[in-house]
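Tertiary structure, described
Below, each chain spelled out in residue letters.
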Amino acid sequence: MNEANNKDYWDQVIKPKGKLLDLHIKEVWRYRDLMWLFVKRDFSAQYKQTILGPVWHFIQPIFTTIMFLFVFGKIANIPTDGIQPVLFYMSGITIWNYFSACLNATSNTFVANAGIFGKVYFPRLVLPLSVVLSNIIRFGIQFLLLLSVMIFYGLKNGSFYIGISWLLIPLLVLMMAGLGLGLGIIISALTTKYRDLTVLIGFAVQLLMYATPVAYPLSFIQDKSFAAWIEWNPLSPIVEAFRYALFGKGMLDYTGLLYSGGFICIILFIGMLIFSKVERSFMDTV
Amino acid sequence: MSSIVIRTENISKQYRLGSVGTGSLIHDINRVFYRFRGKEDPYLQIGETNDRSKKGSSKYVWALKDINFEVNQGEVLGIIGRNGAGKSTLLKILSRTTTPTTGSIKIKGRVASLLEVGTGFHPELSGRENIFLNGAILGMTKHEIIKKFDEIVDFAGVERYIDTPVKRYSSGMYVRLAFGVAAHLEPEILVVDEVLAVGDAEFQKKALGKMKDVSSKDGRTVLFVSHNMTAINSLCQKGLLLSNGLILESGPINNVLDTYYNSFRAMRSVEYIGEGPIRKAYIKTSNSGVFSSDELKIVLYFFTEIPIQNIVLGIVIRDHQDTAIVGVNNKHYYSEKLNNTPLSEGEITITIPSISLMPGDYKIDLFLGDSTTDIDIAENALHFTIQETNVNPTSIRLDYRLNKIFLNKIKWDLSTDLLEK
């Protein structure tokens, strides 16, 4: 078998150690049908045997908005940058929900899917990507809710803002997806052997929301001593920019967005690096 | 024509025993420290061979050690070995769900692994949705699945339920559907683990037939792990026998199967130790294993405070389903008396000159008593296996479903005298 010694003869070589960054992008593309089916599965299985079905997607942001309206609006009396309070809170919650859902679900990738991963090979990246996609649909539904509430208030007050800044929204959603995915896969890769981070992530995401201007505007804390902490949070410019894009009020912080963008790129790169290292043999330790 | 499609070179796989915790963190740190200084991983050197029944001194074991083999295109390779021999680890590495610790595998063609049927089935989704999901997980594209959809449903025979959530399926239907999807995969190399152990007899036959087609008609390569030696024998041309992570034998399937049976022969020496009057019992055979129509001896040592007169010793032999097959004591045989004077200690040997049982696992209950009552009962005391072998007393294997006992030396004589008269 002379040809068998030829390097190009083999389609695949399984070795203990792979390349440093080997994400099988080609393979991920070949498995795009699977990605789409995972999205469909997540979506249709979640509300099976419920009466309200997808209506549940509306209920969570509505109730959170009401809660914020009371606690932050009425009790703490925090201003909302001149934006109608209901819209202020709901817009913050909608974009935040997308980030936290992406992070929570992707950080579980290896542990939750160990059953499938242990039995059959497909590019592991398909799963976290499908999570981000199915959450985009969920975000879309909640965004529609936000839009209808905006139209409602627009008709009531006789003014409705539509501007060029709306074009920013897809970019902001993409940034949230990148950050959620990046952090999520780092955590998922780190939790395959030691589960300590799983415990942390449960409440860390909740706490992080308070360190992000979701329930208050950035302008409100600008002169406080801890303002720097909130400003260094790469999520802050995104949430603020989301509101600017929607309502056209306030200032767009370009430097902040650039900082967030750079941060996301670094996180995504580190995430991919760790992920591609761990995905090869995590089955032994999970 | 027969080109090599899989070649493994010295693959080994090490596992760490025990649980993950602070101890393993210290090892991890140590490992990083060693790598930093440019030395070899210190824990790779200390692994022991993987014998699960013996206590080892190291926390690391080699589930596989220096495995080398080649598979040609269109071949069906049967991988056999006892529990824990490393079969599943090998399949896992081949199907890329884990990586080897050392060594490499070269593969030509697409590999689909079937380590479990119904991987990724979601109970809430309908049969239709699950066919698509499972098919995609196994590597089919949507287009391929649509093309095969009717065939899959037909193979599984679940047309009526196709839009019902699979959690409402009977377990048989579930397995049929799952195997149906897997059977319609079209990879160049198919890796199959013990999936035929499910489903009813008709379905198993169907599944086996499908596997045969895959290799003989379509010329695809199959790697097949099973404990069902009849299936292995009928499907595979070549075999690979693993034992404690090492290759014990490889080559033509008949040679491999023979080695496999012989490895069992050496293993069986089951003993019973009791607290009661039946102190000790064991099985003694001329060889170290038992075949149909071999001699089987059961030796029993007893000790009692009150001496027994007219000792009665009974045995009940049960098959693997716990059905009693034989129940005899020495009274049944011409009221044969073992002793007239009371005895409080002694050794009794029961000799069965020709054990007329079919291959399989059997258990023995022991009953010790006097002529009226049982003094001690040792249920499930001894186990033995009648070995299946290629050198059966019959020229071909007997059908298990028809034969519960083995009748030795039946003669068929044809006489033509009558016709002449």
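Everything quoted here is computed from the prediction, not taken from an experiment. (Residues numbered from 1 in each chain as written. Chains lettered and ligands numbered in written order. Predicted model: local features only at pLDDT ≥ 70, side-chain atom pairs only at ≥ 80, totals over all residues. Heavy atoms only, no water.)

On a plain count of helices and strands, chain A comes out with 13 helices and 1 strand. Beginning at the N terminus, the succession of helices and strands in chain A can be written as β-α-α-α-α-α-α-α-α-α-α-α-α-α. Across the 286 residues in chain A, those meeting the buried criterion constitute 49%. Taking as baseline every contact in chain A between residues at least 6 positions apart, the subset at least 24 positions apart corresponds to 80%. Approximately 14,300 Å² of chain A is accessible, and the part contributed by carbon and sulfur atoms is 68%. Of note, chain A has its 22 positive side-chain charges centred 6 Å away from the centre of its 15 negative side-chain charges. (Helix = DSSP H or I, 4+ residues; strand = E, 2+ residues; numbered from the N terminus. Buried < 20%, exposed > 50% of the residue type's maximum accessible area, 1.4 Å probe, protein only. Contact = heavy atoms within 4.5 Å. Areas by Shrake-Rupley, 256 points an atom, 1.4 Å probe, with all protein chains shown as cover. Lys, Arg positive; Asp, Glu negative; His and termini not counted. Charge placed at Lys NZ, Arg CZ, Asp CG, Glu CD.)

Okay, the overall build of chain B next. Broken down by element type, chain B carries 9 helices and 19 strands. Across the 421 residues in chain B, those meeting the buried criterion constitute 46%. For chain B, restricting intrachain contacts to residue pairs at least 6 apart in sequence, the fraction spanning at least 24 positions comes to 69%. Accessible surface, chain B as shown: approximately 21,700 Å² in total, 51% of it carbon and sulfur.

Along the chain, A:D11 falls in the segment before β1 (12-14). For A:D11, a relative accessible area of 52% puts it in the exposed group. Sequence-distant contacts of A:D11, that is, excluding residues within four places in its chain, are made with B:I107, B:K108 and B:G109.

Attention shifts here to helix α4 (residues 85-106) of chain A. All names here are of chain A. Given a rise of 1.5 Å per residue, 22 residues ought to cover 32 Å, and the 32 Å separating the end C-alpha atoms of α4 matches this to within 8%. Where burial is concerned, most of α4 is hidden: 18 out of the 22 residues are buried. Capping the start of α4, Q84 holds a side-chain oxygen 2.9 Å from the backbone nitrogen of V86, two or three residues further along. (Expected span 1.5 Å × (residues − 1). Polar contact = N/O pair within 3.5 Å; in protein donor to acceptor, adjacent residues only side chain to side chain.)

Now for the packing of helix α3 (residues 56-75) of chain A against α4(A). Residue and element names in this part refer to chain A. Contact pair α3 / α4: the axes reach a minimum separation of 9 Å and the direction vectors enclose 125°. As summarised for this structure, α3 and α4 are arranged oblique, according to the angle between their axes. Crossing handedness for the pair α3 and α4: right-handed. Along its contact with α3, which presents Q60, P61, I62, T64, T65, F68, L69, F72 and G73, the element α4 presents P85, V86, Y89, M90, I93 and N97. Here the contact of α3 with α4 is built from residues that sort into 10 nonpolar, 5 polar and no charged. (Axes fitted to C-alpha atoms, helices over the stretch in contact; angles between N-to-C directions. Parallel < 35°, antiparallel > 145°, perpendicular 65-115°, else oblique. Left-handed = near helix turned anticlockwise from the far one by under 90°. Nonpolar A, V, L, I, M, F, W, Y, C, P; charged D, E, K, R; others polar.)

Time to look at the packing of aromatic side chains. Tallied over the full model, the rule gives 20 aromatic pairs over all chains. Arranged with centres 6.5 Å apart and planes meeting at 55°, the rings of A:F139 and A:F242 form a pair that is tilted. Of the two residues, A:F139 sits in helix α7 (residues 126-157) while A:F242 sits in helix α12 (residues 235-247), which places them 103 residues apart along the sequence. By the ring-pair criterion, three or more aromatic residues cluster together here, those being A:F38, A:F110, A:F117, A:F122 and A:F275. In this arrangement the basic side chain of A:R243 is found over the ring face of A:F88, its NZ or CZ atom lying 3.6 Å from the centre. Cation over ring: B:K65 sits above B:W62, and NZ or CZ is 4.1 Å from the ring centre. (Phe/Tyr/Trp six-rings, centres within 6.5 Å; stacked < 30°, edge-to-face > 60°. Lys NZ or Arg CZ within 6 Å of the ring centre and 35° of its normal.)

Our next topic: the sheet that holds strand β15 (residues 312-319) of chain B. Residues and elements named next belong to chain B. Across the sheet, 5 strands lie side by side as β13-β19-β18-β15-β16; this open sheet has mixed pairing. Edge positions in the open sheet fall to β13 (290-291) and β16 (324-329), since each of these has one partner strand only. In terms of strand pairing, β15 meets strand β18 (residues 360-369) through 8 bridges, oriented antiparallel. From the neighbouring strand, I315 faces β18, where its bridge partner is L366. (Pairing = 2+ DSSP bridges.)

Below, the discussion takes up the sheet that holds strand β10 (residues 246-252) of chain B. All names here are of chain B. If you walk across this open sheet you meet the 6 strands as β6-β7-β8-β4-β9-β10, and the pairing is mixed. Edge positions in the open sheet fall to β6 (111-114) and β10, since each of these has one partner strand only. Neighbour-to-neighbour, the strand axes of the sheet open up by a mean angle of 15°, direction not taken into account. Pairing of β6 with strand β7 (residues 189-193) involves 4 bridges; the strand directions are parallel. Paired with V111 across the strands is I189, a residue of β7.

Looking now at the nonpolar core. Within soluble globular proteins, side chains that are nonpolar generally end up buried alongside one another. By size, the foremost hydrophobic cluster in this structure holds 131 residues, and its most contacted members are A:L34, A:F122, A:F242, B:I131 and B:F224. Here this core takes 13 residues from helix α8 (residues 168-190) of chain A, the largest share from any one element. Other than its neighbours up to four places away in sequence, A:F242 contacts A:S91, A:I95, A:F139, A:F143, A:L146, A:I169 and A:L172. Residues B:L313, B:M358, B:Y362 and B:F406 belong to the second largest nonpolar core, which totals 30 residues. (Core = buried A, V, L, I, M, F, W, Y, C linked by side-chain atoms within 4.5 Å.)

Right, let's talk about helix α9 (residues 196-210) of chain A for a bit. All names here are of chain A. When the terminal C-alpha atoms of α9 are compared, their 23 Å separation across 15 residues agrees well with the 21 Å that a helix rising 1.5 Å per residue should span. By the largest-angle criterion, A204 marks the main kink of α9, which is about 35°. Taken together, the buried positions of α9 are I201, V205 and M209. In this fold, the buried residues of α9 make contact with α3, α4 and α8. (Bend = angle between axes of the 7 residues up to and from the residue.)

Interfaces are often sized by the amount of accessible area the parts lose when they come together. Facing 51 residues of chain B, the contacting portion of chain A comprises 39 residues. For the pair chain B and chain A, the summed buried area comes to about 4,000 Å², and 58% of that belongs to carbon and sulfur atoms. In terms of surface lost to chain A, no three residues of chain B exceed B:R96, B:T97 and B:I137, which account for 17% of the buried area on that side. Viewed at the interface, chain A and chain B are joined by 1 salt bridge. Among the ionic pairs, A:E27 bridges to B:R96, the shortest N-O distance being 3.0 Å. Linking chain B to chain A there are 2 residue pairs in polar contact (both at pLDDT 80 or more). Looking at the side of chain B that touches chain A, the elements with two or more residues in it are β1 (4-16), α1 (22-36), α2 (87-94), β5 (102-107) and α3 (127-137) of chain B. Residues belonging to the side of chain B that touches chain A are distributed by class as follows: 18 nonpolar, 19 polar and 14 charged. Here β1(A) runs beside β5(B); their pairing, made up of 3 bridges, is antiparallel. When the sheet's bridge partners are listed, A:I14 is paired in β5(B) with B:I105. (Buried area = accessible area lost by both parts, 1.4 Å probe. Salt bridge = Lys/Arg side-chain N within 4 Å of Asp/Glu carboxyl O.)

Here we come to a nonpolar patch on the surface. On the surface, A:I62, A:F63, A:I66, A:M67, A:F70, A:V71 and A:I75 cluster together to form a nonpolar patch covering roughly 700 Å² of accessible area. With respect to the helices and strands, A:F70 occurs in helix α3. (Patch = residues over 30% accessible without salt bridge, like charges linked within 9 Å, V, L, I, M, F, W, Y side chains within 5 Å.)

Now for the confidence of the model for chain B. Per-chain confidence: chain B averages 80 in pLDDT, with 84% of residues scoring 70 or above. Interface predicted TM-score (ipTM) for the complex: 0.81; the corresponding pTM is 0.72. (pLDDT = per-residue confidence, 0-100.)

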